[in-house]
Amino acid sequence: MLLAFLSLVVLAYLLPFTVLSRVQRFSGSFLFWNIFAILAILLLLRMMRSWHE
């Protein structure tokens, strides 16, 4: 689970500076960050669901 979150963080640094660097339209970046935010929220909710005292 932690590996999935770390890979998501690495993608957040790599994709905007490599793949999205040539995209001139705002919609490409907007779509990426929306999908990233949804995935991060879902992954963190899944991690917190298994967290017990």
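Residues numbered from 1 in each chain as written. Predicted model: local features only at pLDDT ≥ 70, side-chain atom pairs only at ≥ 80, totals over all residues. Heavy atoms only, no water.

> Lay out the overall build of the protein chain in plain terms, naming residues and giving numbers.
What the protein chain contains, in helices and strands, is two helices and zero strands. Here the C-alpha radius of gyration of the protein chain, 14 Å, is well above what a compact globule of 53 residues would show, namely 10 Å. Counting the 53 residues in the protein chain, one finds 15% classified as buried. Only carbon and sulfur atoms are counted for the fraction: they give 72% of the accessible area of the protein chain, which is about 4,800 Å². (Helix = DSSP H or I, 4+ residues; strand = E, 2+ residues; numbered from the N terminus. Rg over C-alpha atoms; globule rule 2.2 N^0.38 Å. Buried < 20%, exposed > 50% of the residue type's maximum accessible area, 1.4 Å probe, protein only. Areas by Shrake-Rupley, 256 points an atom, 1.4 Å probe, with all protein chains shown as cover.)

> Give a description of the nonpolar core that names residues and reports values.
Ranked by size, the top nonpolar core spans five residues in total: L8, A12, F36, A40 and L43. Here this core gets three residues from one element, more than from any other, and that element is helix α2 (residues 26–49). When residues no more than four places from it in sequence are discounted, the contact partners of L43 are M1, A4, F5 and L8. (Core = buried A, V, L, I, M, F, W, Y, C linked by side-chain atoms within 4.5 Å. Contact = heavy atoms within 4.5 Å.)

> Give me the lowdown on the environment of I41, citing residues and values where you can.
Within the fold, I41 resides in helix α2. Judged by relative accessible area, I41 falls into the exposed class, the value being 53%. Along the backbone, I41 and S21 are 20 residues apart, and their C-alpha atoms lie at a distance of 25 Å.

> So what's going on with the packing of helix α1 (residues 2–17) against α2? Which residues, and what values?
As a packed pair, α1 and α2 sit with axes 10 Å apart at the nearest point and diverge in direction by 165°. The pairing of α1 with α2 is recorded here as roughly antiparallel in orientation. In this structure, α1 crosses over α2, and the sense of that crossing is left-handed. The segment α1 lies against α2, with A4, F5, L8, L11, A12, L15 and P16 engaging F32, W33, F36, L39, A40, L43, L44 and M47. Across the contact of α1 with α2, the residue classes tally to 15 nonpolar, no polar and no charged. (Axes fitted to C-alpha atoms, helices over the stretch in contact; angles between N-to-C directions. Parallel < 35°, antiparallel > 145°, perpendicular 65-115°, else oblique. Left-handed = near helix turned anticlockwise from the far one by under 90°. Nonpolar A, V, L, I, M, F, W, Y, C, P; charged D, E, K, R; others polar.)

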